[in-house]
Amino acid sequence: LLLRQDSFGIGIISPTYCVLRQERKMKIGKFSIAALLFINPPFVGGFVLPKSEVASYLSSGSVWGLPQSSIADKLVSSVQATSSASSDVPETGKSAKSNGKSLEELRREGGRLCVNTPIGALNLFAIYYGLVSLFLGIPWFAALKTCQFAYWITGGRFDKMRRIPVFLSHVWGVALMRLTRSYPEIENLDILEKFYAEGKPAMFVANHCSWMDIPFLGAAVGWRNYKLVSKKELGIVPVLGTSIKVGGHIMVDRTDRKSQIRTLKQGINYLKKDGIHLCTFPEGTRSRTGRLMAFKNGAFKMAHKAGAPVIPLSIVNSHKVMPIGWMFAMKPSHGTAKVVVQEPVESVGRTEEELAEAVRTSMLSGLPDDQRPVDKSDKKAE
């Protein structure tokens, strides 16, 4: 059952079928045919869901299966307060604009060869980035399913902390960034090396203004076992949902108070009992201007109750690599985006409010002026 009436999945299958029927007349090589068949599954799989799951998927506000801004904005959250808002999802019926942007605006961002689609803008680099992510996604998905089978057949006794799926997902993210020259510069990495030597878990928090924040966050944390906090509805998204479920990441139902309490307890156990890092975006949703927004208290409540330090990460210029309205990154991140690691902020001896304020001050210190909140007095003057 296709999620959209424009039948994008059928639009891919139909020409492929015609090509296969006319293979001899068109004199297409076997390699080209194999490439077509190889590309099709991730495209179609990203737009097709089981009929029984469509209603809950649509109600979540997420209508796209491929990794893009509307999906990735919801990947990392903290309890109810830090899960992403459905306002990040492109509205249907806006074929002339993408997230409120005209074609001319999109071309000013991504060049004259930019084209608009119902699910986001594309230029040559975005197409390349998308194809690389899809090709890498096939072995990633297969490996995750293998892990899922291993956990099922052993009753969860194998790899209890679900380290392997997190490793596989990290491999996919790093390979994608390296192959597309999108690996960010990471400043103050020595702070993390010193902290990791102490063997303590931490709550990692970062500002959020682009889909690229998710792989950037993973790049900064490194080859460690960490868990993300995501909304329940993302569990049915192809590949991404598999990664969340198999990796033991925290999923919360924002409409269920009991689920929020369970999520809080699970996060505290990960930090306090299991020694596993947690990652979240304390703003709770993506900033549409790139400027840091107000923090929600979910992440700080979790860290405070666990007595774990909070490590702020200042992500710089990710919104210039993949702005709102783009399906994939429109240009390489190298030389544009960076992650600034800040000193850990201890939660012991502080209230939740004091902890949040200290983290915010630290995070702001690494952001440029155009990503800092606009002062009310300055706004009035303008």
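In this text the structure is predicted, and so the values were computed from the model without any measurement.

## With respect to the overall build of the chain
Consideration 1: A count of helical and extended segments in the chain gives 16 helices and seven strands.
Consideration 2: Across the 382 residues that make up the chain, the buried fraction comes to 52%.
Consideration 3: In the chain, the share of contacts with a sequence separation of at least 24, taken over all contacts with a separation of at least 6, comes to 72%.

## Re the nonpolar core
Consideration 1: Among the nonpolar cores identified, the biggest contains 54 residues, and Y129, F204, M212, L217, I311 and L313 are the most heavily contacted of them.
Consideration 2: Looking at this core, the elements with two or more residues in it are α7 (124-153), α8 (163-179), α9 (189-197), β2 (203-206), α10 (213-221), β3 (226-231), β6 (310-316) and β7 (338-341).
Consideration 3: With eight residues, α7 is the single largest residue contributor to this core.
Consideration 4: Those residues in contact with I311 that sit more than four places away from it in its chain are L192, F195, A202, M203, F204, V205, V341, Q342 and P344.
Consideration 5: Among the nonpolar cores identified, the runner-up in size contains 27 residues, and V205, F295, V316 and A356 belong to it.

## Observations regarding the packing of aromatic side chains
Consideration 1: Tallied over the entire structure, the rule returns ten aromatic pairs.
Consideration 2: Pairing Y129 with W211 gives two aromatic rings, centres 6.3 Å apart and planes at 90 degrees, and the pair type is edge-to-face. Of this pair, Y129 sits in helix α7 while W211 sits in the loop between β2 and α10; the two residues are 82 residues apart in sequence, bridging distant segments of the chain. Grouping residues by exposure puts Y129 and W211 together as buried.
Consideration 3: Site record: aromatic cluster; members linked through ring pairs are F125, Y128, Y129, W211 and F328.
Consideration 4: Of note, R162 hangs over the ring of Y151, and the distance from its end group to the ring centre comes to 4.0 Å.
Consideration 5: For the cation-ring pair, R224 lies above Y196, with the distance from its terminal atom to the ring centre recorded as 4.0 Å.

## Focus on α10
Consideration 1: The buried fraction of α10 is high, at nine of nine residues.
Consideration 2: Of all the positions in α10, only D213, I214, P215, F216, L217, G218, A219, A220 and V221 are classed as buried.
Consideration 3: One or two residues past the end of α10 sits G222, with phi positive at roughly 85 degrees.

## Some details on the pairing of β3
Consideration 1: Where burial is concerned, most of β3 is hidden: six out of the six residues are buried.
Consideration 2: A two-sided burial pattern is seen for β3, the buried positions comprising Y226, L228 and S230 on one face and K227, V229 and K231 on the other.
Consideration 3: Both β3 and strand β5 (residues 277-280) contribute to a ladder of three bridges, which runs parallel. Bridge assignment links Y226 to a residue of β5, and that residue is H277.
Consideration 4: Two strands pair when backbone bridges link them, and β3 and strand β4 (residues 250-252) are joined in this way by three bridges, in the parallel orientation. Following the sheet pairing, V229 is matched in β4 by I250.

## Considerations on the side chain of Q371
Consideration 1: Position of Q371 relative to the elements: it lies in the loop between α15 (352-365) and α16 (376-381).
Consideration 2: Among the polar contacts listed, one links the side chain of Q371 to the backbone nitrogen of N317, at a separation of 2.9 Å.
Consideration 3: Sequence-distant contacts of Q371, defined by excluding residues within four places in its chain, comprise N207, C209, G290, R291, L292, I315, V316, N317 and H319.

## Observations concerning the sheet that holds β2
Consideration 1: Here we have seven strands laid out as an open sheet, ordered β1-β7-β6-β2-β5-β3-β4, and mixed in their pairing. Every interior strand has two partners, whereas the edge strands, β1 (185-187) and β4, have only one. When the angles between neighbouring strand axes are averaged without regard to direction, this sheet yields 25 degrees.
Consideration 2: Of the strands in this sheet, β2, β3, β4 and β5 touch helix α12 (residues 257-272), which is tilted by about 165 degrees from β4.

## Considering the confidence of the model for the chain
Consideration 1: Looking at the chain, the pLDDT average stands at 78 and 72% of residues meet or exceed 70.
Consideration 2: Confidence drops under pLDDT 50 across residues 41-96; counting only partners more than four residues distant or on other chains, this segment forms 175 contacts.
Consideration 3: Confidence over residues 377-382 falls short of pLDDT 50; this stretch has one contact with residues more than four positions distant or in other chains.

## Brief notes about the environment of E343
Consideration 1: The topology assignment puts E343 in the loop between β7 and α15.
Consideration 2: When its relative accessible area of 53% is taken as the criterion, E343 is described as exposed.
Consideration 3: Taking the C-alpha atoms as reference points, E343 and L192, separated by 151 residues in sequence, lie 8.5 Å from one another.

## Points about the side chain of E283
Consideration 1: Looking at the element boundaries, E283 is found in the loop between β5 and α13 (298-306).
Consideration 2: In this structure the side chain of E283 is engaged in a polar contact, spanning 2.6 Å, whose partner is the backbone nitrogen of H208.
Consideration 3: Sequence-distant contacts of E283, defined by excluding residues within four places in its chain, comprise A206, N207, H208, R291, L292, M293, A294, F295 and K296.

## A word on the pattern of salt bridges
As a working rule, side chains carrying opposite charge can pair if their charged atoms are close by.
Consideration 1: This structure, assessed with the given rule, holds eight salt bridges.
Consideration 2: Across the pair E352 and K301 runs a salt bridge, and its minimum N-O distance is 3.5 Å. Of this pair, E352 sits in helix α15 while K301 is found in helix α13, placing the two residues 51 residues apart along the sequence.
Consideration 3: Note that K320 and D370 form a salt bridge whose closest N and O atoms lie 3.3 Å from each other. Residue K320 is found in helix α14 (residues 318-321), and its partner D370 is found in the loop between α15 and α16; the two are separated by 50 residues along the sequence.

What counts, and at which threshold
Counting from 1, residues in each chain are numbered in the order their sequence is written. Reporting in this predicted model follows two pLDDT cut-offs: at least 70 for local features of residues, and 80 or more for side-chain atom pairs to be given and counted; totals over whole chains, interfaces and linings ignore these cut-offs and use all residues. As a rule here, side-chain values come from all non-hydrogen atoms in the structure, and water together with hydrogens is ignored. Helical segments are the DSSP runs of H or I of at least four residues, strand segments are the runs of E of at least two, and each set is numbered from the N terminus. For every residue, the accessible area obtained with a 1.4 Å probe (protein chains only) is divided by the maximum for its type, and the residue is called buried under 20%, exposed over 50%, and partly exposed between those limits. The criterion used for residue contact is that any of the two residues' heavy atoms lie within 4.5 Å. For the purposes of this section, nonpolar cores are sets of buried Ala, Val, Leu, Ile, Met, Phe, Trp, Tyr and Cys residues that join through side-chain atoms within 4.5 Å. Pairs were defined over the aromatic rings of Phe, Tyr and Trp, the Trp ring being its six-membered one, requiring ring centres within 6.5 Å. Orientation was assigned from the angle between planes: stacked under 30 degrees, edge-to-face over 60, tilted for the rest. For a Lys NZ or an Arg CZ to count as sitting over a ring, it must be within 6 Å of the ring centre and within 35 degrees of the ring normal. Two strands form a pair only when DSSP identifies at least two bridges running between them. Distance and chemistry together define a polar contact, namely a pair of N or O atoms within 3.5 Å, with one atom able to donate a hydrogen and the other to accept it when in protein, and with adjacent residues in sequence counting only for side-chain atoms on both sides. A fitted line through C-alpha atoms represents every axis, and for helices the fit uses only the stretch in contact; the resulting angles, taken between N-to-C directions, go from 0 to 180 degrees. pLDDT measures how confident the predictor is about each residue, on a scale from 0 to 100. The term salt bridge refers to a side-chain nitrogen of Lys or Arg lying within 4 Å of a carboxyl oxygen of Asp or Glu.

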